[in-house]
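A closer look at the structure
Next come the chains, spelled out residue by residue.
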Amino acid sequence: MIDPDVLRIETDLVVAALYQRYGLDFRQYSRASLERRLLGLVEKLHLQHVTDLIPRLLHEPGFVDRMVNGIAVNVTEPFRDPECFSAIRQHVFPVLRTYPYFKIWHAGCASGEEVYSMAILLKEAGLLDRAQIYATDINTDALARARDGIYPVESIARGEKNYLAAGGTGRLADYTLQQYGSARFDSSLRENMVFSQHNVVSDEVFGEMVLVMCRNVLIYFERELQNRVIDLFQRSLVHRGFIALGAKESLQHITGGAAFECLDRPARLYRAI
Amino acid sequence: MRYDAIAIGGSHGSFDVLLRTFGEFSGIELPPIFVAIHIPRGSAPDFVTHFNTRCGCRMLEVEDKQVPMNNSIYLAPGGYHALIERDRSLSLSSDGPVNHAQPSIDVLLESAALAYGNRLLAVLLTGASSDGAAGMERVHALGGTTIVQDPKTAKAPVMPQAAIDRFQPDYLVVPEMLAGTIISLAGETQE
């Protein structure tokens, strides 16, 4: 059975190996989730101990990617938290109309459902051809799924209600090509999307964004790291740019949070002052 | 106090058991109580209002990085897992369903067991899935005390039975006895 103190030491050692060998910094990830994911990986790989990951991490080419993809997982769905999307339509779209060209960054886009959701709303507002949408994640598996834009049809069906609640005017399924139980989002939605691997913990600014969507990422970080990531976003935004967070995240206790006004509290939509 | 925290999991049928139980806690000093029941995304505020109105308790929705307090009940929001960090603060994750559930009872109990060890009192109620059984087993293995609802009294016996199939719980209780059992184990009369 698990010894909590031993597990803590083992987690520290794996985190040290990731950092020292690959520069991947999980030192300020919330530990409870991280421990859980490491234990899950150990079970999946039929290993005995968390530290059994270390030799493979250090000596097996490519294992580090499998490992990061196993521990940096976030799951989302089309139009997750529709109130967020409708608040963006209400507060951000009128500002977007004033730009001939604008950039939006989905930081930690996971499997990409929300990126397509955003593109659909932009399209319905006649704004998509002015948009450049950057979608980044540390997890390359998730990023590949996001790039493909292929999801189970049930996921699209479940998204219909949220799509309408977000202010959608058609049917979500009409934006997809469905066959054999899979639904692929229309390639026209993808034209202005750029997918790339980016680590908000260690990588640099993505410049001149009007809106940064970073939903359900901060919850995985300890407070100091949250502060740093918000600072990164602040430096990535245009003057009076917007940040949208997950439904359980806020800028309230964050250093630098005072530089933002809250436009819609339930939607967790903020604007740089 | 003999315990630093109480963690409760349940699913189908557990709402009524919790209403009855929390209603009997007034005037009793208790450590923080964490609750994971299978509720839909966005529904936690309604549950919180309902419990507080009906039971006169102090229930809050779990917030990320929150430090739990005595005499307060923390409800895991739908669409997220609630976890206990080693420093005993609360955290949330959205890793996707575990045992088809988000919040998952296992996720709460397994992290709580690591954080509290033998200072944890864990309760598993009625429910139609086996979520929570592995978590209860870990609580048990790490020295915590376990209470399981008697499956014969459960609206859905699968959940408590799944726990009993894995280990021998310390207490098997009927819903009418749950509040009394928790109070006698973990409660103190308020001054």
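Cut-offs and rules
- Residues numbered from 1 in each chain as written.
- Chains lettered and ligands numbered in written order.
- Predicted model: local features only at pLDDT ≥ 70, side-chain atom pairs only at ≥ 80, totals over all residues.
- Heavy atoms only, no water.
- Helix = DSSP H or I, 4+ residues; strand = E, 2+ residues; numbered from the N terminus.
- Contact = heavy atoms within 4.5 Å.
- Buried area = accessible area lost by both parts, 1.4 Å probe.
- Salt bridge = Lys/Arg side-chain N within 4 Å of Asp/Glu carboxyl O.
- Polar contact = N/O pair within 3.5 Å; in protein donor to acceptor, adjacent residues only side chain to side chain.
- Buried < 20%, exposed > 50% of the residue type's maximum accessible area, 1.4 Å probe, protein only.
- Pairing = 2+ DSSP bridges.
- Right-handed = clockwise from strand over helix to strand, strands pointing away.
- pLDDT = per-residue confidence, 0-100.
- Axes fitted to C-alpha atoms, helices over the stretch in contact; angles between N-to-C directions.
- Parallel < 35°, antiparallel > 145°, perpendicular 65-115°, else oblique.
- Nonpolar A, V, L, I, M, F, W, Y, C, P; charged D, E, K, R; others polar.
- Phe/Tyr/Trp six-rings, centres within 6.5 Å; stacked < 30°, edge-to-face > 60°.
- Lys NZ or Arg CZ within 6 Å of the ring centre and 35° of its normal.
- Domains from an automatic or database assignment.

All names here are of chain B. Mapped onto the elements, Phe-34 comes out in strand β3 (residues 33-37). Sequence spacing of Phe-34 and Ala-7 is 27 residues, and the spatial spacing of their C-alpha atoms is 4.6 Å. Sequence-distant contacts of Phe-34, that is, excluding residues within four places in its chain, are made with Ala-5, Ile-6, Ala-7, Ile-8, Pro-68, Tyr-74, Ile-84, Leu-90, Leu-108 and Tyr-116.

Looking now at the interface of chain A and chain B. Listed as interface residues are 31 residues of chain A and, on the opposing side, 26 residues of chain B. In this assembly, chain A packs against chain B so that about 2200 Å² is buried in total across both faces, 49% of it on carbon and sulfur atoms. When the area that chain A buries against chain B is broken down by residue, the three leading residues are Arg36(A), Ile219(A) and Lys248(A), summing to 29%. Counting across the chain A and chain B interface gives five salt bridges. Here Arg36(A) makes a salt bridge to Glu110(B), at a shortest N to O gap of 2.7 Å. Counting across the interface, chain A meets chain B through 16 residue pairs in polar contact (both at pLDDT 80 or more). The element that contributes the greatest number of residues to the side of chain A that touches chain B is helix α2 (residues 31-44) of chain A, accounting for seven residues.

Attention now moves to the pairing of strand β8 (residues 237-245) of chain A. All names here are of chain A. Of all nine residues that make up β8, seven are buried, and the element is covered over most of its length. Sheet topology note: the strand β7 (residues 209-214)/β8 ladder contains five bridges and is parallel. Directly across from Leu-211, in β8, lies its bridge partner Phe-242. Traced from β7 through helix α11 (residues 223-236) to β8, the parallel crossover comes out right-handed.

Here the focus is the pairing of strand β10 (residues 269-272) of chain A. Residues and elements named next belong to chain A. Burial along β10 is two-sided: the face carrying Leu-269 and Arg-271 and the face carrying Tyr-270 and Ala-272 are both buried. Bridge analysis of β8 against β10 gives three bridges, and the strand direction is antiparallel. Directly across from Phe-242, in β10, lies its bridge partner Arg-271. With four bridges connecting them, strand β9 (residues 260-264) and β10 associate as antiparallel partners. The residue bridging Asp-264 from the neighbouring strand is Leu-269, located in β10. Where β9 folds back on β10, the antiparallel hairpin that results is connected by four residues, among which Arg-268 adopts a positive phi of roughly 55 degrees.

For the rest of this paragraph, the subject is the confidence of the model for chain A. In the predicted model, chain A carries a mean pLDDT of 95, and 100% of its residues have values of at least 70. Helix α6 (residues 93-96) of chain A holds the highest mean pLDDT among the elements of chain A, 98, whereas helix α4 (residues 63-71) of chain A holds the lowest, 92.

This next bit is on the sheet that holds strand β8 (residues 120-124) of chain B. Pairing between sheet strands relies on hydrogen bonds along the backbone, with the strands arranged either parallel or antiparallel. All names here are of chain B. Spatial strand order, β4-β5-β3-β1-β8-β9-β10: seven strands in an open sheet with parallel pairing. Sheet topology places β4 (59-61) and β10 (171-173) at the edges, where each strand pairs with a single neighbour. Across this sheet, the average inter-strand angle for adjacent strands is 20 degrees, counted without regard to direction. Examined bridge by bridge, β4 and strand β5 (residues 73-75) share three bridges and lie parallel to one another. Bridge pairing links Met-59 to Ile-73 in β5. Most of the contacts of helix α1 (residues 14-22) go to β3, to which it runs at about 160 degrees, and overall it touches β1 (5-10), β3, β4, β5 and β9 (145-149). The strands touched by helix α5 (residues 158-166) within the sheet are β1, β8, β9 and β10, with β9 carrying the most contacts at an inclination of about 140 degrees.

This paragraph deals with the packing of helix α1 (residues 4-22) of chain A against α2(A). Residues and elements named next belong to chain A. Remark: α1 packs on α2, axes separated minimally by 11 Å, with the N-to-C direction vectors making an angle of 85 degrees. Our classification of the angle between α1 and α2 gives roughly perpendicular. Across from Leu-7, Arg-8, Thr-11, Asp-12, Val-14 and Val-15 in α1, the residues of α2 making contact are Arg-31, Leu-34, Glu-35, Leu-38 and Leu-39. Taken together, the residues of the contact of α1 with α2 sort by class into six nonpolar, one polar and four charged.

With that settled, consider the packing of aromatic side chains. The description of an aromatic ring pair uses the distance of the two centres, along with the angle that the planes make with each other. Per the stated rule, a full pass over the model turns up 16 aromatic pairs over all chains. Taken together, a centroid distance of 6.2 Å and an interplanar angle of 75 degrees make the contact between Tyr116(A) and Tyr151(A) edge-to-face. Of this pair, Tyr116(A) sits in helix α7 (residues 113-124) while Tyr151(A) sits in strand β3 (residues 150-152), and the two are 35 residues apart along the sequence. Exposure class is identical for Tyr116(A) and Tyr151(A). Each is buried. An aromatic cluster is defined as three or more aromatic residues linked by ring pairs; in this entry it consists of Phe15(B), Phe22(B), Phe25(B), Phe47(B) and Phe51(B). Arg27(A) extends its terminal NZ or CZ atom over the ring of Tyr19(A), reaching a point 3.8 Å from the ring centre. The ring centre of Tyr80(B) lies 5.1 Å from the NZ or CZ of Arg80(A), which sits over that ring.

A few words on the packing of α2(A) against helix α3 (residues 105-116) of chain B. Contact geometry for α2(A) and α3(B): axes closest at 11 Å, N-to-C directions at 105 degrees. Here α2(A) lies roughly perpendicular to α3(B), going by the angle between them. Contacts from Ala32(A), Glu35(A) and Arg36(A) of α2(A) reach α3(B) at Asp106(B), Val107(B), Glu110(B), Ser111(B) and Leu114(B). Residue composition of the contact of α2(A) with α3(B), grouped by class: three nonpolar, one polar and four charged.

Here we come to the domain arrangement of chain A. Residues and elements named next belong to chain A. When its domains are assigned, chain A resolves into domain 1 (4-71) and domain 2 (82-272). One C-alpha centre belongs to domain 1, the other to domain 2; they are set 29 Å apart. With eleven residues of domain 1 at the interface, the matching set in domain 2 holds 13 residues. For domain 1, the biggest contributors to the area lost against domain 2 are Gln-28, Tyr-29 and Asn-69; these three give 54% of the whole. In this structure, the connection of domain 1 to domain 2 is made through zero salt bridges.

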